[in-house]
Amino acid sequence: MSEEEVFQNAVIRPVIKMLHDLLLAYFKHYLVTKKIDFSRLPEREQTGFIENAFNKDTAFRHESRGMVIGHLSPEEYLCYSTMQHEINRRINTILKERINSNRESLV
């Protein structure tokens with residue numbers, strides 16, 4: 001495994017798992033601020049909305065990622081900073097998957 005994969009599995013995934021409820025609450029709040037009735041969207045559009053939130057809404061993407069990074073220890077942060085670009089991409093992917101797989105709790 002690459003260094004990024006090891007960091008992802010040992011650090012990032014446990015942090016995201018710990019933040020699960022907060023991340024879902026944050027996404028629900030995001031839906032309210034965007035005035036989106038998520039329950040009325042077809043499944044395909046729900047998935048597309050989640051994708052667009054992470055791909056096009058820079059503020060949402062940065063805040064979501066910041067929640068995860070804010071829970072790193074100083075040592076973990078130093079490791080993160082050496083491969084920041086790749087880890088950010090992995091964080092976004094994991095967050096999208098987690099929200100997508102929990103769509104039923106968003107309605």
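Residues numbered from 1 in each chain as written. Predicted model: local features only at pLDDT ≥ 70, side-chain atom pairs only at ≥ 80, totals over all residues. Heavy atoms only, no water.

### Points about the overall build of the chain
Assigned secondary structure in the chain consists of six helices and zero strands. When the helices and strands of the chain are listed from N to C terminus, the series reads α-α-α-α-α-α. For 107 residues, the compact-globule estimate of 2.2 N^0.38 gives 13 Å, and the C-alpha radius of gyration of the chain, at 14 Å, lies within 12% of that figure. If you line up the chain on its principal axes, its C-alpha atoms span 45 × 25 × 25 Å. Every one of the 107 residues in the chain was classed for burial, and the buried ones make up 41%. Of the roughly 6,400 Å² of accessible surface on the chain, a fraction of 52% belongs to carbon and sulfur atoms. (Helix = DSSP H or I, 4+ residues; strand = E, 2+ residues; numbered from the N terminus. Rg over C-alpha atoms; globule rule 2.2 N^0.38 Å. Buried < 20%, exposed > 50% of the residue type's maximum accessible area, 1.4 Å probe, protein only. Areas by Shrake-Rupley, 256 points an atom, 1.4 Å probe, with all protein chains shown as cover.)

### Quick word on the side chain of His20
Within the secondary structure, His20 sits in helix 2 (residues 20–33). For His20, a relative accessible area of 16% corresponds to the buried category. Excluding anything up to four places from it in sequence, His20 contacts Arg98 and Asn102. (Contact = heavy atoms within 4.5 Å.)

### Let's talk about the nonpolar core
In summary, soluble globular proteins display a tendency toward joint burial of nonpolar side chains. Among the nonpolar cores identified, the biggest contains 30 residues, and Ile12, Phe27 and Val68 are the most heavily contacted of them. Considering every element that reaches this core, the biggest residue donor is helix 2, with six residues. Excluding residues within four positions of it along the chain, Phe27 makes contact with Phe38, Phe49, Ile50, Ala53, Phe60, Ile99 and Leu106. (Core = buried A, V, L, I, M, F, W, Y, C linked by side-chain atoms within 4.5 Å.)

### Brief notes about unusual backbone geometry
Excluding glycine, a negative phi dihedral is what most residues carry, and trans is how most peptide bonds are arranged. Backbone geometry at Lys35 places phi at a positive 55 degrees, although glycine is not the residue there. Topologically, Lys35 is positioned in the loop between helix 2 and helix 3 (43–56).

### Side note on the packing of helix 3 against helix 4 (residues 58–69)
Here helix 3 crosses helix 4 at 85 degrees, and the two axes come no closer than 5 Å. Compared by their axis directions, helix 3 and helix 4 come out roughly perpendicular. The segment helix 3 lies against helix 4, with Ala53, Phe54, Asn55 and Lys56 engaging Thr58, Phe60, Arg61 and Ser64. (Axes fitted to C-alpha atoms, helices over the stretch in contact; angles between N-to-C directions. Parallel < 35°, antiparallel > 145°, perpendicular 65-115°, else oblique.)

Note that every value here comes from positions in space, so none of it alone points to a role or purpose.
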